[in-house]
Amino acid sequence: MNSIHYIIRATLLVILTAIWNTNIVAEGIRIIPKSYTVRNDSLYLLLDMDLNSVHVNSLTAVSFIPILQAANKQAGKIELPPVIVTGSKRFRFEQRERALAVGQIPVIPYRILLDKQQTGSKSIEYRIAIPYASWMQKASLLLRQEVKDCCDQQVLGIDTLTKNLNLKQVLQNNNIAANPVPAHDTGTQEHRPVVAPIRVQANIQTGSLDYASMVSFLRPDFKQENKERTQSATLYIDYPLGKDEVYPDFKNNREEINKIDAILYPLLSDGFSELEHIRIRGYASPDGPYGENEKLSANRSRLFADYVEDAYKIPSRLFNVSSVAEDWSGLKELLRNAAPSYAPAALKIINQYGIFSGREKQLMDLQGGIPYKDMLRHFFPKLRRIEIVVEYRIRKLNESEIAEMIYTHPDLMSLEEIYAVARYYRPGTDQYREVYEIAAFHFPDDVIANVNAASAVMLTGDLESAWNYLRKAEADPRSWNNMGVLTLMEGDPEGAAVWFRKAVGVEPQKARQNLEIAESY
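Residues numbered from 1 in each chain as written. Predicted model: local features only at pLDDT ≥ 70, side-chain atom pairs only at ≥ 80, totals over all residues. Heavy atoms only, no water.

Looking now at the overall build of the chain. When you go through the chain residue by residue, the secondary structure sums to 17 helices and 17 strands. Within the chain, contacts between residues at least 6 apart in sequence are counted, and of these 69% link residues at least 24 apart. If you sum the accessible surface of the chain, you get close to 26,200 Å²; carbon and sulfur atoms cover 50% of it. (Helix = DSSP H or I, 4+ residues; strand = E, 2+ residues; numbered from the N terminus. Contact = heavy atoms within 4.5 Å. Areas by Shrake-Rupley, 256 points an atom, 1.4 Å probe, with all protein chains shown as cover.)

Moving on to the pattern of salt bridges. On inspection of all chains with the given rule, the structure shows 23 salt bridges. Here Arg 254 and Asp 249 are joined by a salt bridge, their closest N and O atoms 2.0 Å apart. Among the charged side chains, a network of salt bridges with common partners joins Glu 79, Arg 144 and Glu 146. (Salt bridge = Lys/Arg side-chain N within 4 Å of Asp/Glu carboxyl O.)

We now examine the sheet that holds strand E3 (residues 42-50). Spatial strand order, E2-E3-E9: three strands in an open sheet with antiparallel pairing. Of all the strands in the sheet, the pair left with one neighbour each is strand E2 (30-39) and strand E9 (123-131). The mean inter-strand angle of the sheet, taken between neighbouring strand axes irrespective of direction, is 15 degrees. Relative to E9, E3 runs antiparallel, the two being bridged by nine bridges. Across the sheet, the residue bridging to Tyr 44 is Ala 129, located in E9. (Pairing = 2+ DSSP bridges. Axes fitted to C-alpha atoms, helices over the stretch in contact; angles between N-to-C directions.)

Before going further, it helps to spend a moment on helix H15 (residues 480-489). In terms of residue burial, H15 counts as a mostly covered element, since 10 of its 10 residues are buried. Looking one or two places after H15, you find Gly 491, whose phi comes out positive at around 90 degrees. (Buried < 20%, exposed > 50% of the residue type's maximum accessible area, 1.4 Å probe, protein only.)

As a further point, take the pairing of strand E17 (residues 385-394). Burial within E17 is extensive, with seven of its 10 residues counted as buried. Bridge count for strand E14 (residues 228-235) against E17 is eight bridges, and the pairing is antiparallel. Across the sheet, the residue bridging to Ala 233 is Ile 388, located in E17. Bridging between strand E15 (residues 273-283) and E17 involves 10 bridges; their strand directions are antiparallel. Residue pairing in the sheet places Arg 281 in a bridge with Glu 387 of E17.

Taking 1.5 Å of rise per residue, the 12 residues of helix H13 (residues 447-458) would be expected to cover 16 Å, and the 17 Å separating its terminal C-alpha atoms lies within 8% of that figure. For H13, the buried fraction is high: 12 of the 12 residues fall into the buried class. Taken together, the buried positions of H13 are Val 447, Ile 448, Ala 449, Asn 450, Val 451, Asn 452, Ala 453, Ala 454, Ser 455, Ala 456, Val 457 and Met 458. Buried positions along H13 lie against helix H11 (415-422), helix H12 (430-442), helix H14 (463-471) and H15. At the N-terminal boundary of H13, the capping side chain belongs to Asp 446, with an oxygen 3.0 Å from the backbone nitrogen of Ile 448. (Expected span 1.5 Å × (residues − 1). Polar contact = N/O pair within 3.5 Å; in protein donor to acceptor, adjacent residues only side chain to side chain.)

Time to look at the environment of Lys 348. Positionally, Lys 348 belongs in helix H6 (residues 343-352). Between the alpha carbons of Lys 348 and Leu 363 there is a distance of 10.0 Å; along the sequence they are 15 residues apart.

For any pair of aromatic rings, geometry is given as the distance between the ring centres together with the angle between the planes. On inspection of all chains with the given rule, the structure shows nine aromatic pairs. Centre to centre, the rings of Phe 217 and Tyr 432 are 6.0 Å apart; their planes meet at 75 degrees, and the pair counts as edge-to-face. Of this pair, Phe 217 sits in the loop between strand E13 (209-210) and E14 while Tyr 432 is found in helix H12, placing the two residues 215 residues apart along the sequence. Relative to Tyr 436, the ring of Phe 217 has its centre 5.2 Å away and its plane inclined at 50 degrees; by these criteria the two rings are tilted. With Phe 217 in the loop between E13 and E14 and Tyr 436 in helix H12, the pair connects residues that are 219 residues apart, well separated along the chain. One aromatic cluster is present, built from ring pairs that chain together Phe 217, Tyr 419, Tyr 432 and Tyr 436. (Phe/Tyr/Trp six-rings, centres within 6.5 Å; stacked < 30°, edge-to-face > 60°.)

With that settled, consider the pairing of strand E16 (residues 319-324). The sheet contact formed by E15 and E16 spans six bridges and is parallel. Residue pairing for E16: Ile 278 is matched across the bridge by Phe 319.

On to the nonpolar core, then. One finds Leu 264, Leu 275, Val 308 and Tyr 312 to be the most contacted residues of the largest nonpolar core, which totals 59 residues. Examining the composition of this core, we find that seven residues originate from one element, helix H3 (residues 253-269), more than from any other. Setting aside its immediate chain neighbours within four residues, Val 308 contacts Ile 260, Leu 264, Ile 280, Lys 313, Ile 314 and Phe 319. (Core = buried A, V, L, I, M, F, W, Y, C linked by side-chain atoms within 4.5 Å.)

With respect to the helices, strands and loops of the structure, Thr 162 is situated in strand E11 (residues 153-162). With a relative accessible area of 0%, Thr 162 lands in the buried category. Between the alpha carbons of Thr 162 and Ser 140 there is a distance of 5.6 Å; along the sequence they are 22 residues apart.

A sheet is described by the order of its strands in space; here four strands give the open sequence E14-E17-E15-E16, paired in mixed fashion. In this open sheet, the two edge strands, each paired with only one partner strand, are E14 and E16. In this sheet, neighbouring strand axes are inclined to one another by 15 degrees on average, regardless of whether the strands run parallel or antiparallel. H3 contacts E14, E15 and E17 of the sheet and is inclined by roughly 160 degrees relative to E14.

The next point concerns the side chain of Glu 401. Tracing the sequence through the fold places Glu 401 in helix H10 (residues 399-408). On the accessibility criterion, Glu 401 (5% relative accessible area) is buried. Among the polar contacts listed, one links the side chain of Glu 401 to the side chain of Arg 395, at a separation of 2.8 Å. Once residues lying within four places of it in the same chain are set aside, the contact partners of Glu 401 are Phe 272 and Arg 395.

Let us look at unusual backbone geometry. Working note: non-glycine residues mostly have negative phi, and peptide bonds are mostly trans. The backbone of Lys 313 sits at a positive phi, close to 55 degrees, despite the residue not being glycine. Topologically, Lys 313 is positioned in the loop between helix H4 (290-312) and E16. With a phi close to 50 degrees, Gln 367 is a non-glycine residue in the positive phi region. Here Gln 367 lies in the loop between helix H7 (359-365) and helix H8 (370-378).

Quick look at the structure:
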């Protein structure tokens, strides 16, 4: 009965069919709580937010702010990160206000949706985790809606999404932080990192044996801190006959342009990123006269760069624009990967004949022209594309920003900044482990990140996950002490001693102490 009541209530929660004012139009908004559970001292919330019918003018923004309110209002209240639908001018005003704010910690939105023609879907899967407190067990989940324009900010209303969370089976401990921490996100809601399950159990302490003092936690080289990032996308833009300009609403162009939105809008709005370069390269397929293809690829690259510059208000000095008249390298790669029956013969022609020595004519004559027609249909369209590479740098974060962003934007953090959060938790706790696993997820090839993640998961008894991390770094001497500790935890002191002897030249004091322990078994 309770579950049926929940579904009916949730489905009818927020259905607004009114025009709030002349600046905002909204019909059929649906915000549906899907689940709320408690795991590892954290409350996990999942909301489905359908804001596709919300439209604002250029100077206006609407914020949707989930709120947890205790049954006894004096006991506790938490406002969660907002979802904001904003006009383009209001978006730029907010950017400027954040940049000029001194000594203030800005509220980092869960998502910003810029309401313009090329905006994609406004459906959001809102996932968040916050440290659990006892008052949340029977708390209400509310939604406050605010509107902000050039001159004023006002509350449109507060709706009750769920009157009583009625949480059960809550495990308590003393590692609960004071502020909400959103669940870590890797850029897509579908593929987020999760804490690995504990499969192999081991005690952190056995008698007088303290594994926490035996494992290695390596310090990153702060002088070589890398906060430069790169994102890229490949777009297949359709053009009206005889046109080289970008028409966003032509055929499938809206979906392709959404790829750029996904890269640039977060970077331009987060207040932490600074664009350094945008490289744009246009490609044409090999069919047709070389001179025409050269002109076509150059024009479309240049006009696409003009479109990006104008649409996102990016200075022209940041752009590097180039073109490839005929992408023969791309064709060879497609032939090798797809491996049609004629691929060996076609590749032989491409390698044997030059572009201006009859290469295309030889391909057209191959096997009566059937392979060339197949390439025209299946391969050449994939060669006509635009590649964009965005290079940017993340500024150094302060302590308050670090504590929040490890779960919202860990991709913007350095190893040093991620590890700064670990000191708030006790070694051996799930929270401590999670910090180091987030670091390893975002720095998968970094020896320090993998060695430290192995140490953190060993202290929870998860030996299988520890091996997974150490295998990535096994060839590096800095991992050898941990290899020894892990081997010892599995009950093989002789094998552990071999690793500790190897590690003496890397961590002399710790490795010798560990070797004495292994040899005393």
